[in-house]
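Each chain, letter by letter, is given below.
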Amino acid sequence: MASTIPDPHPGTRSAPEAAPPASDRPGGIEAHGIDRIPDEERHGRPRDLFAVWAAANVNYLSLVIGGALILMGLSLWQALAVIVVGNLFWVLTGLLAVSGPASGTPSEVITRAVYGIRGNRVNNAVTGWMISVCYFALNLAAAATAAFSLVERAGITANTGVKVAVVLVISALTLTISVYGHAVIVKLYLPITLALTAVFGVVAFSVVGHTDFGYAPAEPPAGTDLWAALAAGVTLIAAGPLSYTTSADFSRYLPGTTSPKAVVGWTAAGAFLPSVIVCSLGAFAATAIDMTDPQSALEEILPGWFTPVFLLALVLGTISINALTAYSAGLALQAVGIRIRRAFSVIVDGAVAVSLTLYALLVSNFLDTVSNVLQLTVVLLGPATAVYATDILLRRNRYDGLALTDETPGSPFWFAAGVNWSGALALTAGTTAAALCVNTLYTGPVARALGGVDLALPVGIVVASATYATLMRRFGGGVGAVVRA
């Protein structure tokens, strides 16, 4: 029979209705970083996760991506199918989140079980910190674009100096939420979700009224070109959920007895539903207006009085998603091994992201930057998500949080010289396979042989997961005894 990897140090479980501790209340800066949340400080309910993920996924970037699908040559119904399929990857985000309550630690620490103590520092530097900062910059650029229009409406010319000031203000608001941390995120995101829902309800009414539900491009792609467009579209959409390999960061305060199914369900639903709706609105709008400049085009079909409200909502939604991104990036910087307080690490991340944002806005083409970065990061993020998810399934979500925080050579997660080669080799194999299949900034040999069809997403996930499962079952990875029946 296939072997299983048992929990070497099963921890105690706390009651599900614990009150919020002083260390995690909205009035103060969160005390915890990458350390384990003690059982007596666990609190909350899995349904709290719905608003956290919903508020983060009603954003401008989703509108842009939805419109981009039509610009890629898809019909409306093809675009809607792609939106649904791509957003199903939020289920994987939900699956990763179950490891938070099980261990009481963030994803940046849990993945020590996958890559080893030292190997995980490299993983956090690249998959955790660098990717998070890139997404922070992309989203910040999206929010700034909407804010520039608000500034112009106020009679202020959005010159370079004004643009820099706007980016800094939005970044400061975002980082304030991230610095205060978990309790503030949970407290704020329900009213933010309700406010954004009301705004996008008005947007939906205006957009649907102009939508051409029978839309098809004048020269629709066919054969290989169609498959290439569909694969690229799914990759664009899936890049969002796959970027959240850190979903346990927001579930780790939940009691250890919390239902894993509830964590998966509330996390996935909170992200899936608004993502599908907002992406679809972008696709609907693209059947009637030119979405190469989404913001200006949407202003043409929205009521004049409502446009400033809409622009403010775009900024608010993007601040919400970026606060989560900056929060996780701060934890990743700690997990790399840099001895720095979580609050200060968030500020460092923000400074780097602001620099990248100003480049994206003032030097590069924003829409091209979004498309290229989202498609290319899937080469790494797909395999990284697959390996993490496979580890959860192999261990049956049994993680010892105390053992995970032990970074000494005596740790059960030290493996060989601090590296779990099963995880490192699986991630390398998956990323290599995906790189051979990609078709974005460059065309891999497999994509070239298939006429431009980009299979990096499914190939990377399958190869990484299969490789990790095979190596861990064969060699055990050094976590306790490998039980064979």
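This text follows the structure it describes.
This text gives an overview of the structure that appears in the document. Everything numeric in this text was worked out from a predicted model, so none of it was measured.

**Structural notes on the nonpolar core**
Across soluble globular proteins, nonpolar side chains have a tendency to be buried as a group.
Okay, step 1: With 132 residues, the main nonpolar core has Trp-53, Ile-170, Tyr-189, Phe-200, Phe-310 and Leu-324 as its most contacted residues.
Okay, step 2: With 14 residues, the single largest contributor to this core is helix 8 (residues 117-153).
Okay, step 3: Beyond its immediate stretch of four places on either side in the chain, Trp-53 contacts Trp-90, Thr-93, Tyr-244, Ser-247, Phe-250, Thr-267, Gly-270, Ala-271 and Leu-324.
Okay, step 4: Ranked by size, the runner-up nonpolar core spans five residues in total, among them Val-379, Cys-437, Val-438 and Ala-456.

**Looking at the side chain of Asn-124**
Okay, step 1: Note on placement: Asn-124 falls in helix 8.
Okay, step 2: Of the residues examined, Asn-124 reaches a relative accessible area of 3% and is grouped as buried.
Okay, step 3: Residues in contact with Asn-124, not counting those within four places in the same chain, are Glu-108, Trp-129, Ala-332, Ala-335 and Val-336.

**Here's the deal with the packing of aromatic side chains**
Okay, step 1: Taken as a whole, this structure holds ten aromatic pairs when the rule is applied.
Okay, step 2: Every member of this aromatic cluster is reached through a ring pair, and the members are Trp-53, Trp-90, Tyr-244, Phe-250 and Tyr-327.

**Observations regarding the environment of Arg-118**
Okay, step 1: Checked against the element boundaries, Arg-118 lands in helix 8.
Okay, step 2: Remark: the alpha-carbon pair of Arg-118 and Glu-407, spanning 289 residues in sequence, is separated by 8.5 Å.
Okay, step 3: The contacts of Arg-118, once residues within four sequence positions are left out, are Trp-414, Ala-417 and Gly-418.
Okay, step 4: Only 3.4 Å separates the side chain of Arg-118 from the backbone oxygen of Ala-417, close enough to count as a polar contact.

**A word on the pattern of salt bridges**
Okay, step 1: Enumeration according to the criterion identifies nine salt bridges in this entry.
Okay, step 2: Between Glu-407 and Arg-112 there is a salt bridge, and its shortest N-O distance comes to 3.5 Å. Residue Glu-407 is located in the loop between helix 17 (401-404) and helix 18 (421-437), and its partner Arg-112 is located in helix 7 (residues 112-115); the two are separated by 295 residues in the primary sequence.
Okay, step 3: Close ionic contact of Glu-407 with Arg-339 constitutes a salt bridge, the shortest N to O distance being 4.0 Å. Residue Glu-407 is located in the loop between helix 17 and helix 18, and its partner Arg-339 is located in the loop between helix 14 (307-335) and helix 15 (342-362); the two are separated by 68 residues in the primary sequence.
Okay, step 4: Taking relative accessible area as the criterion, Glu-407 reaches 21% and is therefore assigned partly exposed.
Okay, step 5: Under the relative-accessibility criterion, Arg-339 is labelled exposed at 70%.

**Some remarks on the environment of Tyr-189**
Okay, step 1: Structurally, the position occupied by Tyr-189 is in helix 10 (residues 182-210).
Okay, step 2: For Tyr-189, a relative accessible area of 0% gives the class buried.
Okay, step 3: Measuring from C-alpha to C-alpha, the distance between Tyr-189 and Ala-51 comes to 5.6 Å, with 138 residues separating the pair along the chain.
Okay, step 4: Residues in contact with Tyr-189, not counting those within four places in the same chain, are Ala-51, Val-52, Ala-55, Ile-177, Ile-319, Ser-320, Ala-323 and Leu-324.
Okay, step 5: Within the structure, Tyr-189 has its side chain in polar contact with the backbone oxygen of Ser-320 (distance 2.6 Å).

Cut-offs used in this document
Residues numbered from 1 in each chain as written. Predicted model: local features only at pLDDT ≥ 70, side-chain atom pairs only at ≥ 80, totals over all residues. Heavy atoms only, no water. Core = buried A, V, L, I, M, F, W, Y, C linked by side-chain atoms within 4.5 Å. Buried < 20%, exposed > 50% of the residue type's maximum accessible area, 1.4 Å probe, protein only. Helix = DSSP H or I, 4+ residues; strand = E, 2+ residues; numbered from the N terminus. Contact = heavy atoms within 4.5 Å. Phe/Tyr/Trp six-rings, centres within 6.5 Å; stacked < 30°, edge-to-face > 60°. Polar contact = N/O pair within 3.5 Å; in protein donor to acceptor, adjacent residues only side chain to side chain. Salt bridge = Lys/Arg side-chain N within 4 Å of Asp/Glu carboxyl O.

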